[in-house]
Amino acid sequence: MIKPRYLYPNDYMADPSAHVFEGKLYIYPSHDWDSKVAENDNGDHFNMKDYQVFSMESIDGPIKNHGKILDLKDIPWAEKQLWDSDVCFKDNKYFLFFSVKDKKGFFRIGVATSDYPYGPFSVQIKPIPESYSIDPCLFKDGNDYYMYFGGLWGGQLEKYRNNLYSENNKLPKENAPALCPKIARMSDNMLEFAESPRDVLIIDEERNTITQGDVHRRFFEASWMHKFNGTYYFSYSTGDTHKICYAISDNPYGPFIYQGVILTPVIGWTTHHSIVEFKEKWYFFYHDCFPSNGKSWLRSMKVVELIYDKDGKIKTIQGSSEDE
Ligand code: FUB
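Residues numbered from 1 in each chain as written. Predicted model: local features only at pLDDT ≥ 70, side-chain atom pairs only at ≥ 80, totals over all residues. Heavy atoms only, no water.

## Description of the overall build of the protein
The cut-off we apply is this: Put simply, DSSP marks the helices as runs of H or I at least four residues long and the strands as runs of E at least two long, and each gets a number from the N terminus on. Atoms counted for the radius of gyration: C-alpha only. Globule rule: 2.2 Å times residue count to the power 0.38. With a 1.4 Å probe rolled over the protein chains alone, any residue whose accessible area is under 20% of its type maximum counts as buried; one over 50% counts as exposed, and the rest are partly exposed. The contact criterion used throughout is that any non-hydrogen atoms of two residues lie within 4.5 Å. The Shrake-Rupley method, run with a 1.4 Å probe, gives the accessible areas here. Residue values count only the displayed protein chains as cover. In this count, Lys and Arg are taken as positive residues and Asp and Glu as negative ones, while His and the chain termini are left out. Think of each charge as sitting on NZ of Lys, CZ of Arg, CG of Asp or CD of Glu.
Along its length, the protein carries zero helices and 24 strands. For 324 residues, the compact-globule estimate of 2.2 N^0.38 gives 20 Å, and the protein sits close to it at 18 Å. In the protein, which comprises 324 residues, the share counted as buried stands at 58%. Put simply, 54% of the contacts in the protein that link residues at least 6 apart link residues at least 24 apart. When the accessible surface of the protein is totalled, it reaches about 13800 Å², and 48% of it is carbon and sulfur. Here the protein contributes 37 positively and 46 negatively charged side chains, and the mean placements of these two sets differ by 2 Å.

## Thoughts on the sheet that holds strand β2 (residues 13–21)
Quick note on the threshold: In this scheme, strands are said to pair when DSSP sees at least two bridges between them. Whenever a helix is involved, its axis is fitted only over the stretch in contact; in every case the axis is a line through C-alpha atoms, and angles between N-to-C directions fall within 0 to 180 degrees.
Pairing is antiparallel across the open sheet formed by four strands, whose spatial order is β2-β3-β4-β5. Looking along the sheet, the strands with just one partner apiece sit at the ends: β2 and β5 (63–71). On average, each strand axis in the sheet is tilted by 25° relative to the strand beside it, whichever way the strands run. Sheet topology note: the strand β3 (residues 24–31)/strand β4 (residues 50–56) ladder contains three bridges and is antiparallel. Looking across to β4, one finds that Tyr26 is bridged to Ser55.

## Quick look at the sheet that holds strand β22 (residues 274–278)
With antiparallel pairing, the four strands of this open sheet are ordered in space as β1-β24-β23-β22. Bordering the open sheet on either side are β1 (5–6) and β22, each of which pairs with just one other strand. Where β22 and strand β23 (residues 281–288) come together, five bridges link them in antiparallel fashion. Considered in β23, the bridge of Ile275 is made with Phe284.

## Some remarks on unusual backbone geometry
Residues Gly119 and Pro120 are joined by a peptide bond in cis, for which omega reads 5°. Here Pro120 shows up in the loop between β9 (107–114) and β10 (122–123). Omega for the bond connecting Gly254 with Pro255 falls within 30 degrees of zero, at 0°, which places this linkage in the cis form. Topologically, Pro255 is positioned in the loop between β20 (244–249) and β21 (256–263).

## Regarding the pattern of salt bridges
We apply this condition: For this document, the term salt bridge refers to a Lys or Arg side-chain nitrogen within 4 Å of an Asp or Glu carboxyl oxygen.
Following the criterion strictly, the structure yields 18 salt bridges and no others. Between Lys90 and Asp91 there is a salt bridge; the shortest N-O distance is 3.4 Å. Lys90 gets classed as buried once you look at its relative accessible area, which sits at 9%. Taking relative accessible area as the criterion, Asp91 reaches 60% and is therefore assigned exposed. Between Glu167 and Lys159 there is a salt bridge; the shortest N-O distance is 3.5 Å. Overlapping salt bridges, with partners in common, bring together Asp15, Asp32 and Arg299 in one network.

## Quick look at the confidence of the model for the protein
Worth spelling out the cut-off: What pLDDT expresses is the predictor's confidence in each residue, scored from 0 to 100.
Of the residues in the protein, 98% reach a pLDDT of 70 or more, and the chain-wide mean stands at 97. Predicted confidence in the protein is weakest over β1, with a mean pLDDT of 96, and strongest over strand β19 (residues 231–237), with 99.

## Remarks on the pairing of β23
Among the eight residues of β23, seven are classified as buried, and the element is accordingly described as predominantly covered. Connecting β22 to the next strand, β23, in antiparallel fashion are two residues, including Lys279 with a positive phi near 50°. Two strands pair when backbone bridges link them, and β23 and strand β24 (residues 300–306) are joined in this way by seven bridges, in the antiparallel orientation. Within β24, the position partnered with Phe284 by the bridge is Val304.

## Notes on the packing of aromatic side chains
Note the following rule: Here is the rule: rings of Phe, Tyr and Trp (six-membered ring for Trp) pair when centre to centre is within 6.5 Å. Planes less than 30 degrees apart are stacked, more than 60 are edge-to-face, and the remainder are tilted. Either the NZ atom of lysine or the CZ atom of arginine qualifies as a charge over a ring when it sits within 6 Å of the ring centre and within 35 degrees of the ring normal.
Enumeration over the complete set of coordinates arrives at 33 aromatic pairs. With a centroid separation of 6.4 Å and 65° between ring planes, the pair formed by Phe21 and Tyr28 is classed as edge-to-face. Overall, the relative accessible area of 8% leaves Phe21 in the buried class. When its relative accessible area of 1% is taken as the criterion, Tyr28 is described as buried. Over the aromatic face of Trp33 sits the side chain of Lys49, whose NZ or CZ is 4.1 Å from the ring centroid.

Listed below in structure tokens is the structure:
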């Protein structure tokens, strides 16, 4: 079992989305930097402007930085804040999906394509129609590809109902059902949604919907989907309570039954992760702000092994441990 390992001490990288392509681990993080924008609840200080990609041939071997794969200035419709991204492979092409604010200040999800997992990526000139909010996660199931997405507060999800924006929309009351992350099946060419985004419902063991006031279990941001032994595992951040939790289902659309905490709070405000199988073991990629002395906008990516018990329950990982 490997201990938590910082992956790239040379620079600040966050929100690592890890995948196995061509027999190697590829990691697509957000690229943090100190833009001097003041910290606020909207996350304006996460003012990122490019992406780099990394690969590893073994989990404890060297990490290779393949350099910049996309720059904010190359996205004609975007203005600022290149947030979380994800990549998938279909029909001999790699598709990079990313969240960024458009010129009117709305988060949208864009796509860029490449022949190689390490880029360079060519960006589509418009965002995905009907896309909104942040944190795309792409998941292949059989011949279908799905996007999970959404995030509260700075991620703007609470401004939408039935996929429509209104400035008057607010967070639901504490005892009302929590706002749901979204799922949409992707079109054959991966450049559009094949259906309008639907709610991903998270319920408890008694089949009650998790409420908005249940801040230790309700969805905030950072959707991730993986499948283990035929079961769909939806994992996510609880945002202001700083946990990564998970819920399971027998269907990629859910409903998902809440199971527990994968990662306790890390040093730093945000917590964001990905889960991937590599060489018959499972790994959990995440970030924390220990190396930047707690500066929430300067995060460092890490990896640790993910362990299931015999019933498929995930063993909780301690976010801030003594040995750092
Ligand atoms: O990196 C910017 C944002 O911080 C991500 O999109 C969120 O999930 C949070 O990690």
